[in-house]
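# Survey of secondary and tertiary structure
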Amino acid sequence: MRLRPAVLLLLGALCQSAPTAHAAAPRSASLVALQVEPAEIVLRHGGDRQRLLVTATFPDGTVRDLTRSARYQPVTPALLAVSSDGVVRPKGAGKTTVQVSASGQTVTVSVTVRSMGAEPVSFANDVMPVLARAGCNSGACHGSASGKKGFKVSLRGYDPAADFIVLTRGTTGRRLDLLSPARSLLVLKPTAQSPHEGGKRFDRDSRYARLLTRWIAEGARSDLATAPKLVGLEVSPSFRTFSQSGLEQQLVVRARFGDGSVRDVTADARYTSNNESAALPGDDGLVRLPARGEAAVMVRYGHLIAVSNLVVLRHDPSFRWPNLSENNYVDRHVFAKLRRTQVLPSDLTTDEEFLRRVCYDVLGVPPTPTEVRAFLADKRTDKRSRKIDELLERPEHAEFWANKWGDLLKLRFDLTGDKGTWSTYRWLRDSIAANKPFDKFVREVLTADGSTSKNAPANFYRVFATPDDAAEATSQIFLGIRLLCARCHDHPFEKWVQKDYYGLTAFFTQVARKPGARPGDLVVSRIQSPAQSRHPITGELLLPKFLDGASVAVTAEEDGRQVLADWLTRKDNPFLAKATVNRLWGQLFGRGIIDPVDDLRSSNPATNPELLDALAKDFVARGFDVRHVLRTMLNSRTYQLSARTNASNADDRTNFSHAAPRRLTAEQLLDTLSQITGVRQGFVSRFGAGAVALPVGGVRAGALPDRALTTELLDLFGRPRGESSCTCERSDEASLTQALHLINGKTIAARINDPNGRVARLAKTPGLAEPALVEELYLMVLCRLPTPGEQALMRQHFAAARDRTSAAQDVLWALLNARAFLFNH
């Protein structure tokens with residue numbers, strides 16, 4: 001069907017212009033305060049060192065790193081040497097001070113050198129960090145699954161005991177030469193004195209080369225049993241804003257050990273940035289800030305990670321935080337971050353925009369014209385809160401959010417059967433409708449037994465039919481951790497290794513599956529044997545192991561899934577609450593506090609960790625009450641901010657200073673079209689000969705129990721196929737094909753021009769004046785009343801149209817292709 005020219009004219013008239021950018025304000029250049037960290041230094045031996053961090057504060061409140069431009073003068077040069085970049089090294093035992101000067105100000109730092117004696121080289125705390133810093137145990141080098149050239153060590157040093165054996169006894173100890181330590185391959189290879197495919201890792205006269213040589217000369221001993229354990233890692237600054245790009249920031253990293261000692265490890269740590277366009281770290285902890293933006297610099301040392309959040313902004317010395325009301329703790333934490341970054345939140349959204357947004361987010365469909373009119377007429381000050389409470393109790397809420405869980409649990413007729421799919425969907429819907437505590441929900445899934453047709457959660461073990469599949473799904477869905485990489489090899493970018501992966505799979509090795517008495521049924525039961533798995537490379541039998549926790553023995557009389565559920569639903573579990581509230585936040589705000597929502601890892605930090613912690617703590621304190629958390633988020637001022645930006649927040653994508661317009665999901669779009677046009681559509685299955693139509697035409701797309709039931713529009717707009725539990729399977733990418741489908745696709749055209757459709761019936765309603773008809777169309781599609789200018793435009797259109805019905809259909813066609821319709825904003 002051809003697109004009528006009148007529709008194109010209306011579309012052009014409805015276009016809106018984009019906001020303009022604002023220039024940054026200059027800052028003052030005079031220094032008013034100088035701070036040096038640490039204020040007191042203790043050097044334990046002759047090989048110790050400490051980097052200083054020098055920070056200047058200016059009258060407008062901005063700060064700048066002066067570490068590499070300050071002057072350093074030890075009061076007693078015989079005791080200390082200080083490099084031009086601020087590294088303090090001992091020359092003699094005793095107490096003295098260092099004077100740090102910049103821009104006419106001086107700060108004095110006290111220094112104590114306890115001894116100039118050399119401590120024995122520690123394998124645990126000296127040698128292992130060298131291997132990590134040089135990249136020897138990285139995933140691209142000898143830490144890979146198969147190692148390099150027959151030399152394999154544990155990824156990032158997760159197993160130092162095994163690494164010690166490989167270094168000292170592997171290939172009959174040929175990597176070490178105890179008689180001539182400097183000729184050891186462990187020294188010659190990384191210094192490129194001997195051919196090395198990994199190239200030169202450090203100089204032959206460097207501190208690293210000297211340290212390895214000394215360790216070998218001292219007998220290449222292991223001190224893993226006696227060395228103080230690494231217990232903490234701190235980076236300074238942990239957060240800092242910058243008034244302009246092109247600056248540099250020195251990081252200082254200090255490690256804390258179990259014996260109370262503290263060591264400067266700035267030169268030994270490894271640095272990565274999650275946004276190198278805004279923050280580009282060097283090997284020595286100096287971070288260049290080439291462009292405006294926000295970045296988290298991950299600092300790794302040993303098994304620990306610390307994060308420095310650096311924000312380069314367009315500084316405005318006249319910035320003042322307005323007196324904004326905070327509806328709850330969500331606003332307190334969001335606004336605290338915005339104040340630090342000098343970003344003003346947008347104004348509150350209008351009542352019409354709020355109602356449309358909250359209905360889509362809670363129900364999956366827009367409000368009806370009657371609902372919009374009633375909400376606008378309500379003059380009570382708490383009407384938004386009342387509406388949130390009402391929507392959370394509606395059956396559409398349970399259906400819509402059951403659909404979200406159906407995505408994660410891969411509900412498909414071909415996987416779970418007809419009865420299993422419908423029973424699981426109904427169980428999900430009823431659990432949400434009853435606001436079942438989430439810890440109970442998780443326990444029922446993980447410990448499910450019996451017939452899949454009678455006990456719906458047991459279908460989890462039908463879909464995830466092996467211990468590997470069940471472990472991966474549990475990790476990703478409930479813990480927010482993508483563990484798949486560790487199935488075949490140690491994770492190249494995270495701390496998870498194969499022992500973690502197969503330790504988790506061990507909890508599911510007792511699960512048995514056999515055909516039920518009825519066709520298509522499956523019975524899930526428990527094998528009477530201890531829970532254990534086998535390492536695929538070493539062949540080692542592994543006990544069940546909690547992620548980032550201890551291994552546990554599960555006897556034949558116990559159920560490993562019960563043990564796992566007990567741990568997972570504990571109030572102090574480090575993953576479940578955070579992963580769950582982060583997933584809920586992502587559903588309402590379009591991105592998670594950690595994003596993607598199912599990719600929680602140390603190298604993907606939260607943009608607002610205080611907010612995430614507060615939500616998780618509240619979730620646990622309220623008995624894992626999902627509806628309470630949703631209500632808290634929805635009632636926050638943050639959720640109710642407008643999508644219209646201001647000069648300071650136009651480029652904010654991570655701090656929730658304004659609503660982020662989100663394209664309607666495929667299901668929301670189809671259900672909205674059905675609601676607007678009054679024309680519903682059946683669905684077909686991707687599986688089976690001929691993809692026969694199924695008798696579920698009256699079911700909303702947002703309530704479909706099966707990912708395989710589909711339409712052309714659902715496929716085109718990115719509805720997931722149920723092949724993965726990853727949120728990444730759902731696509732929200734726009735395409736030209738989608739635009740053409742909305743403008744002139746058969747699905748849209750047939751609905752709009754249906755003679756029995758809602759628009760045709762409205763146009764033929766006796767006594768309904770054209771302005772009232774236009775109002776109804778606007779309320780149906782955009783959930784707001786037309787402006788006077790839009791009404792004038794529509795009067796002209798109706799006057800020029802050949803008949804009232806076609807004119808109304810043109811208006812509907814144009815509104816459905818307006819930007820405001822396709823997005824939840």
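In this report, the structure presented in the accompanying data block is examined. (Residues numbered from 1 in each chain as written. Predicted model: local features only at pLDDT ≥ 70, side-chain atom pairs only at ≥ 80, totals over all residues. Heavy atoms only, no water.)

## Some words on the sheet that holds strand 4 (residues 53–57)
Paired through their backbone hydrogen bonds, the strands of a sheet run either parallel or antiparallel. Defined as follows: Strand pairing is assigned whenever DSSP detects at least two bridges linking the two strands. Secondary structure counts use DSSP, requiring at least four H or I residues in a row for a helix and at least two E residues in a row for a strand, with both numbered from the N terminus. The convention used is that axes are lines fitted to C-alpha atoms, helices contributing only their stretch in contact, and that angles between N-to-C directions extend from 0 to 180 degrees.
Judged by pairing direction, the sheet is antiparallel, and its three strands sit side by side in the order 1-4-5 without closing on themselves. The sheet is open, and its two borders are formed by strand 1 (33–37) and strand 5 (63–65), each paired with just one other strand. Strand-to-strand, the axes of this sheet are offset by a mean angle of 25°, without reference to chain direction. Where strand 4 and strand 5 come together, three bridges link them in antiparallel fashion. Bridge pairing in strand 5 places threonine 57 opposite valine 63.

## Concerning unusual backbone geometry
As a reminder, the rule being used: Each residue is placed in one exposure class: buried if its accessible area under a 1.4 Å probe, protein chains only, is under 20% of its type's maximum, exposed if it is over 50%, and partly exposed if it falls in between.
For the bond running from serine 236 to proline 237, omega is -5°, close enough to zero to count as cis. Looking at the secondary structure, you find proline 237 in the loop between strand 11 (230–236) and strand 12 (239–242). Look at the link from aspartate 595 to proline 596: it is a cis peptide, with omega at 0°. Tracing the chain through its elements places proline 596 in the loop between helix 17 (576–589) and helix 18 (609–621). For cysteine 783, which is not a glycine, the phi torsion comes out positive at approximately 60°. Tracing the sequence through the fold places cysteine 783 in the loop between helix 25 (770–781) and helix 26 (788–800). Note on cysteine 783: relative accessible area 1%, which makes it buried.

## What about the sheet that holds strand 7 (residues 80–82)?
With respect to topology, three strands assemble into an open sheet ordered 3-8-7, the strand pairing being antiparallel. What marks the edges here is a single partner per strand, and that holds for strand 3 (50–51) and strand 7. Here strand 7 runs beside strand 8 (residues 87–90); their pairing, made up of three bridges, is antiparallel. Bridge assignment links alanine 81 to a residue of strand 8, and that residue is arginine 89.

## As for empty space enclosed by the protein
In plain terms, the rule: Cavities and pockets are defined on a 1 Å grid built over the protein atoms alone: a cavity is a set of grid points where a 1.4 Å probe fits but cannot escape, while a pocket is an open set with protein on both sides within 12 Å along at least five of seven lines, and lining residues are those with an atom within 4 Å of any such point. Grid points are joined across faces, edges and corners, and a volume is the space filled by probe spheres set on the points.
Tallied over the full model, the rule gives four cavities of 30 Å³ or more. For the largest cavity, the calculated volume is near 80 Å³. What lines the largest cavity is a set of 11 residues, among which Leu409, Thr424, Pro457, Asn459 and Phe460 lie closest to the centre. Of all the secondary-structure elements, those providing two or more residues to the lining of the largest cavity are helix 11 (413–433) and helix 13 (460–463). Counting residues per element, the lining of the largest cavity draws most heavily on helix 11, which supplies three residues.

## Remarks on the pairing of strand 12
Of the two faces of strand 12, the one lined by Arg240 and Phe242 is fully buried and the one lined by Phe239 and Thr241 carries no buried residue. Here strand 12 pairs with strand 20 (residues 304–312) via four bridges, running parallel. Counted as the bridge partner of threonine 241 is valine 311 from strand 20.

## Looking at the nonpolar core
This is how it is decided: Take the buried Ala, Val, Leu, Ile, Met, Phe, Trp, Tyr and Cys residues and link them wherever side-chain atoms come within 4.5 Å; each set so joined is a nonpolar core.
Ranked by size, the top nonpolar core spans 96 residues in total, and within it Phe438, Phe478 and Trp585 carry the most contacts. Here the element with the most residues in this core is helix 17; it accounts for eight residues. Among the nonpolar cores identified, the runner-up in size contains 37 residues, and Tyr360, Leu664, Ala701 and Ile748 belong to it.

## Focus on the environment of isoleucine 593
We apply this condition: Pairs of residues are marked as contacts when any of their non-hydrogen atoms sit within 4.5 Å.
One can find isoleucine 593 in the loop between helix 17 and helix 18. Using a relative accessible area of 0% as the deciding quantity, one classes isoleucine 593 as buried. Considering only alpha carbons, one finds isoleucine 593 and threonine 607, 14 residues apart in sequence, at a separation of 5.6 Å. With residues near it in sequence (within four places) discarded, isoleucine 593 still touches Asn582, Trp585, Pro605, Ala606, Thr607, Asn608, Leu611, Leu612, Leu615 and Phe656.

## Some remarks on the pairing of strand 1
In strand 1, alternate side chains face the same way, and those of Leu34 and Val36 are buried while those of Ala33, Gln35 and Glu37 on the opposite face are not. Alignment of strand 1 against strand 4, held across five bridges, turns out to be antiparallel. Among the inter-strand pairings, leucine 34 is bridged to a residue of strand 4, identified as alanine 56.

## Digging into the packing of aromatic side chains
For clarity, the cut-off: When the centres of two rings from Phe, Tyr and Trp lie within 6.5 Å, Trp using its six-membered ring, the rings pair. Their planes under 30 degrees apart give stacked, over 60 give edge-to-face, and anything left gives tilted. Any Lys NZ or Arg CZ found within 6 Å of a ring centre and within 35 degrees of that ring's normal is scored as a charge over the ring.
A complete count under the given rule lists 26 aromatic pairs for this structure. Ring geometry for phenylalanine 202 versus tyrosine 208: centroids 5.7 Å apart, planes at 80°, classification edge-to-face. Under the relative-accessibility criterion, phenylalanine 202 is labelled buried at 7%. Among the aromatic residues, those joined into a cluster by ring pairs are Trp405, Trp427, Phe438, Phe441, Phe478, Phe619 and Phe624. Sitting over the ring of tyrosine 639, arginine 357 keeps its end group 5.8 Å from the ring centre. Positioned above the aromatic ring of phenylalanine 375 is the side chain of lysine 383, whose terminal nitrogen or guanidinium carbon lies 4.6 Å from the ring centre.

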